[in-house]
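Listed here are the chains, written in short residue letters.
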Amino acid sequence: MRIMLDTNIFISIAIFDSAKLKELLINICDNHILVLSSYIIKELEEVVNKKFPNKINNFCKFLYQLSYELNYTPNEQITNNNIKIRDSKDLPILNSAVVSDVDVFITGDRDFEDIDIEKPEIMTAKEFLEKYC
């Protein structure tokens, strides 16, 4: 499967040293294709620089060591206008997941909970681990 992780999942893996999320990432890297968008990478760099500036070098090394497919986030909105998302700042991430044709989008952001689309399947890390691991 092709799987995209949201920014909050990466922050939890790289900065907070979550064992469960590391298990998730290892499973994805070993058994699936990790897909990242240009928007998520940009957002990751901004968050780490702002909240954890002393960890930016470690974070860059972490990203460099990962094997992933990079897809560019479209500038225009491509998702169905009927889709309602609580935080409009998350729309580029949803667009990235749709355009990248990922099978699963993993997030801890509750703003994605009520989105009803066929693909990608939107789930939490816990849901993914329970269903696919």
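The preceding data block contains the structure.
These figures come from a predicted structure and were not determined experimentally.

Visitor: Got a minute to help me understand the pattern of salt bridges in this structure?
Guide: Pairing between side chains of opposite charge can happen when their charged atoms approach one another. Per the counting criterion, the structure on display carries seven salt bridges. Between E23 and K20 there is a salt bridge, with its nearest N and O atoms 3.6 Å apart. Taken as a pair, E23 and K20 lie in helix α2 (residues 19-31) at a separation of three residues, close to a single helical turn. Relative accessible area serves as the criterion here: at 38%, E23 is assigned to the partly exposed category. Take K20: its relative accessible area is 53%, and that puts it in the exposed class. The network of salt bridges with shared partners includes D101, D103 and K119.

Visitor: Could you clarify how one ought to interpret the packing of helix α1 (residues 7-14) against α2 in this entry?
Guide: Between α1 and α2, the least distance of the axes is 8 Å, while the angle of their chain directions is 115°. The orientation of α1 relative to α2 falls into the category roughly perpendicular. The interaxial crossing formed by α1 with α2 has left-handed handedness. Residues I9, S12 and I13 of α1 touch α2, and the partners they reach there are L21, K22, L24 and L25. Here the residues of the contact of α1 with α2 are counted per class, giving five nonpolar, one polar and one charged.

Visitor: What exactly am I supposed to notice about the layout of surface pockets here?
Guide: Any space left empty among the atoms is revealed by the rolling of a water-sized probe across them. Of the voids in this model, the largest pocket is the one considered here, and its volume is about 180 Å³. The wall of the largest pocket is formed by D6, T7, N8, Y39, E43, D87, K89, D90, I93 and D109. When contributions to the lining of the largest pocket are tallied by element, the ones reaching two or more residues are α1 and α3 (38-51). Of the residues belonging to the lining of the largest pocket, the class tally is two nonpolar, two polar and six charged.

Definitions and limits used
Residues numbered from 1 in each chain as written. Predicted model: local features only at pLDDT ≥ 70, side-chain atom pairs only at ≥ 80, totals over all residues. Heavy atoms only, no water. Salt bridge = Lys/Arg side-chain N within 4 Å of Asp/Glu carboxyl O. Helix = DSSP H or I, 4+ residues; strand = E, 2+ residues; numbered from the N terminus. Buried < 20%, exposed > 50% of the residue type's maximum accessible area, 1.4 Å probe, protein only. Axes fitted to C-alpha atoms, helices over the stretch in contact; angles between N-to-C directions. Parallel < 35°, antiparallel > 145°, perpendicular 65-115°, else oblique. Left-handed = near helix turned anticlockwise from the far one by under 90°. Contact = heavy atoms within 4.5 Å. Nonpolar A, V, L, I, M, F, W, Y, C, P; charged D, E, K, R; others polar. 1 Å grid on protein atoms, 1.4 Å probe; cavity = no way out; pocket = protein on both sides within 12 Å on 5 of 7 lines; lining within 4 Å. Points joined across faces, edges and corners; volume = space filled by probe spheres on them.

The values reported here are purely geometric and, on their own, carry no functional implication.
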